[in-house]
Amino acid sequence: MIFDLRLLHAPQDDIAPPPPAPQVDEYGIPDNPYAPPQPSPQQPVRRSRVARYARQQESAQEEPFQPPVSPEIPDWLRTAQQNNLPLQNRPQGPRVQSAPRQTERPGAAPQTPPAWQPRPQLQPQLQPQEGWQVETDQETIRRELPAWIKKVPWLGIAAFAAVLSAVLLWVMGLQYDRQTEAVLEERAGQEAQLVESHPLRYQEIIAQKADKYNLSPAFVAAIMLNESSFRPDATNGSTGARGLMQLVSDTAEWVHGKLKLETPFRFDDMYEPERNAEYGCWYLNYLSGLFHGDPVLVAAAFHAGQGEVRNWLNTAAYSPDGQTVAIDKIPFGDTRRYVGRVINDYAAYLRIYYGQ
């Protein structure tokens, strides 16, 4: 076995064995007065760690190994371990016995065990005793609040807030009522202005002729409003058109021939409201059949002529589908404005007088 002396060597153990005692003469004078003194027999001689370890190894080899003494095992446990048996017959220690049953009295009915019921959750309640002072949760919270919060009159503040809210709601209700009244007054004014700008005269004649020629009376009234403003004696100085629907001489004579009347044609008869309405409604029915009842095309043809409207329908710039022409696509400015007014007045007459 090799030992590393650098690890096992310690400075305090590096003590050489004492030198031999110097020889002294008969007078007690040593041969070498400078030799170190010899240690006393009571002082132990320090040995190195190597020497101690070697001595321990020698003592360990001399003493035989003694295994530890195992505790005594009972016979029943040793038998169970040898046979690999469950521990069933081992002796039982003392255990807590249940309380003895009550003896039944002679003649008494046998007692049946009570039905199982869940155990109630017991909540320990501390019963106040004499001298105790019980404090509720509210009192605890009140006690823990700061002093300035306790001094605030919360009830008064709540009452003031409720009154203020009621006043604000009342003011808002008044403002809403005023706004509603203002809106209603504005609508009433607009309605009155609309009724004033759309009078309806000769209502019986319009209803009779419109029903005869399958026309809307509101559309007939809109034509009369824009042509003559319901004046039977109206005359156009440039075209010579006359009467409620402003029929020119050629158109009136052509319609007279279509009606096959027995009396000869007289252009002055166009000043008569009933005769003018008869001729005008027949012509509107004729235009409605040509243009499939489209009010825009019928009004445009009544103003500019059916030939012009056919040309517009055959032009892709005015009519992309060849069936309709939008108001803003009508090339004649006066006819475009006329058709726009007729359509607006038609809607107004429907809403005001005919409930549509």
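Residues numbered from 1 in each chain as written. Predicted model: local features only at pLDDT ≥ 70, side-chain atom pairs only at ≥ 80, totals over all residues. Heavy atoms only, no water.

## Side note on the overall build of the chain
Convention followed: Numbering of helices and strands starts at the N terminus; helices are DSSP runs of H or I of at least 4 residues and strands are runs of E of at least 2. Each residue is placed in one exposure class: buried if its accessible area under a 1.4 Å probe, protein chains only, is under 20% of its type's maximum, exposed if it is over 50%, and partly exposed if it falls in between. Under the convention used here, a 1.4 Å probe and the Shrake-Rupley method define accessible areas, while residue burial counts only the protein chains that appear.
Summing up its helical and strand segments, the chain has 13 helices and zero strands in all. Going from the N terminus to the C terminus, the chain shows its helices and strands as α-α-α-α-α-α-α-α-α-α-α-α-α. In the chain, buried positions account for 21% of the 356 residues. Roughly 28400 Å² of accessible area belongs to the chain as shown, and the carbon and sulfur atoms make up 54% of that amount.

## Details of the pattern of salt bridges
Put simply, the rule reads: The salt bridge criterion pairs a side-chain nitrogen of Lys or Arg with a carboxyl oxygen of Asp or Glu, the two atoms within 4 Å.
Counted according to the given criterion, the structure contains seven salt bridges. A salt bridge links Glu 191 to Arg 351; the nearest nitrogen and oxygen atoms lie 3.0 Å apart. One end of the pair, Glu 191, is in helix 6 (residues 154-197); the other, Arg 351, is in helix 13 (residues 333-353), and 160 residues separate them in sequence. A relative accessible area of 45% means that Arg 351 is categorised as partly exposed. With a shortest N-O distance of 2.8 Å, Glu 278 and Lys 212 are connected by a salt bridge. Of this pair, Glu 278 sits in helix 10 (residues 273-290) while Lys 212 sits in helix 7 (residues 203-212); the two residues are 66 residues apart in sequence, bridging distant segments of the chain. Overall, the relative accessible area of 12% leaves Glu 278 in the buried class. Through salt bridges with shared partners, one network takes in Lys 209, Lys 212, Glu 274 and Glu 278.

## Let's talk about the nonpolar core
Our working definition: In this text, buried Ala, Val, Leu, Ile, Met, Phe, Trp, Tyr and Cys residues form a nonpolar core when linked through side-chain atoms within 4.5 Å. Contact criterion: two residues are considered in contact whenever any of their non-hydrogen atoms come within 4.5 Å of each other.
If you look at the biggest cluster of nonpolar residues, it comprises 48 residues, and the most contacted ones within it are Leu 284 and Phe 302. Here this core gets eight residues from one element, more than from any other, and that element is helix 8 (residues 217-228). Once residues lying within four places of it in the same chain are set aside, the contact partners of Leu 284 are Leu 215, Phe 219, Val 220, Ile 223, Met 245, Val 298 and Phe 302.

## Some details on the packing of aromatic side chains
Counted only if it meets this: Side-chain rings of Phe, Tyr and Trp, where Trp is taken by its six-membered ring, are said to pair if the distance between their centres is within 6.5 Å; with planes under 30 degrees apart they count as stacked, over 60 as edge-to-face, and otherwise as tilted.
Applying the stated criterion across every chain yields a total of nine aromatic pairs. Geometrically, the ring pair formed by Trp 254 and Tyr 283 is edge-to-face, given 6.4 Å between the ring centres and 85° between the ring planes. On the criterion of sequence distance, the pair formed by Trp 254 in helix 9 (residues 249-259) and Tyr 283 in helix 10 is long-range, its members being 29 residues apart. With relative accessibility at 8%, the residue Tyr 283 sits in the buried group. Taken together, Trp 254, Trp 282, Tyr 283, Tyr 286 and Phe 302 form an aromatic cluster joined through their ring pairs.

## What about the packing of helix 6 against helix 13?
Each pair of packed helices can be described by the angle between their axes along with the distance between the axes. Stated formally: In this analysis an axis means a line fitted to C-alpha atoms, helices contributing only their contacting stretch, and an angle means the value between N-to-C directions, from 0 to 180 degrees. Roughly parallel covers angles under 35 degrees, roughly antiparallel covers those over 145, roughly perpendicular covers 65 to 115, and oblique covers all other angles. Crossing handedness follows the turn of the near helix against the far one: under a right angle anticlockwise gives a left-handed crossing, and clockwise gives a right-handed one. Gly falls in the polar group here, along with every residue not listed as nonpolar (Ala, Val, Leu, Ile, Met, Phe, Trp, Tyr, Cys, Pro) or charged (Asp, Glu, Lys, Arg).
Axis separation between helix 6 and helix 13 bottoms out at 11 Å; the angle between their running directions is 110°. Classed by the angle they form, the pair helix 6 and helix 13 counts as roughly perpendicular. Crossing handedness for the pair helix 6 and helix 13: left-handed. Residue-level inspection shows Glu 191, Leu 194 and Val 195 of helix 6 in contact with helix 13, the latter providing Ala 348, Arg 351, Ile 352 and Tyr 353. Tallied by class, residues from the contact of helix 6 with helix 13 come to five nonpolar, no polar and two charged.

## Quick notes on the environment of Ala 218
Examined against the element boundaries, Ala 218 turns out to sit in helix 8. Among the residues examined, Ala 218 registers a relative accessible area of 0% and is labelled buried. In sequence terms Ala 218 and Arg 351 are 133 residues apart; their C-alpha atoms lie 9.2 Å from each other. Beyond its immediate chain neighbours, meaning those up to four positions away, Ala 218 contacts Tyr 346, Tyr 349, Leu 350 and Tyr 354.

## Let's talk about unusual backbone geometry
Residues other than glycine seldom take positive phi values, yet Tyr 202 does so here, at roughly 55°. Here Tyr 202 is to be found in the loop between helix 6 and helix 7. On the basis of relative accessibility, which here comes to 30%, the residue Tyr 202 falls in the partly exposed class. Phi is positive for Asn 214, which is not a glycine, with a value near 55°. Relative to the elements of secondary structure, Asn 214 occurs in the loop between helix 7 and helix 8.

## Let's talk about helix 9
The cut-off we apply is this: Here the arc refers to the set of directions running from the helix axis out to each C-beta atom.
Regarding helix 9, the residues found buried are Thr 251, Ala 252, Val 255, His 256 and Leu 259. Down the axis of helix 9, the smallest arc covering the buried residues is 140°, so these residues share one side. Buried residues in helix 9 make contact with helix 10. Lys 260, located one to two residues past helix 9, shows a positive phi value of around 55°.

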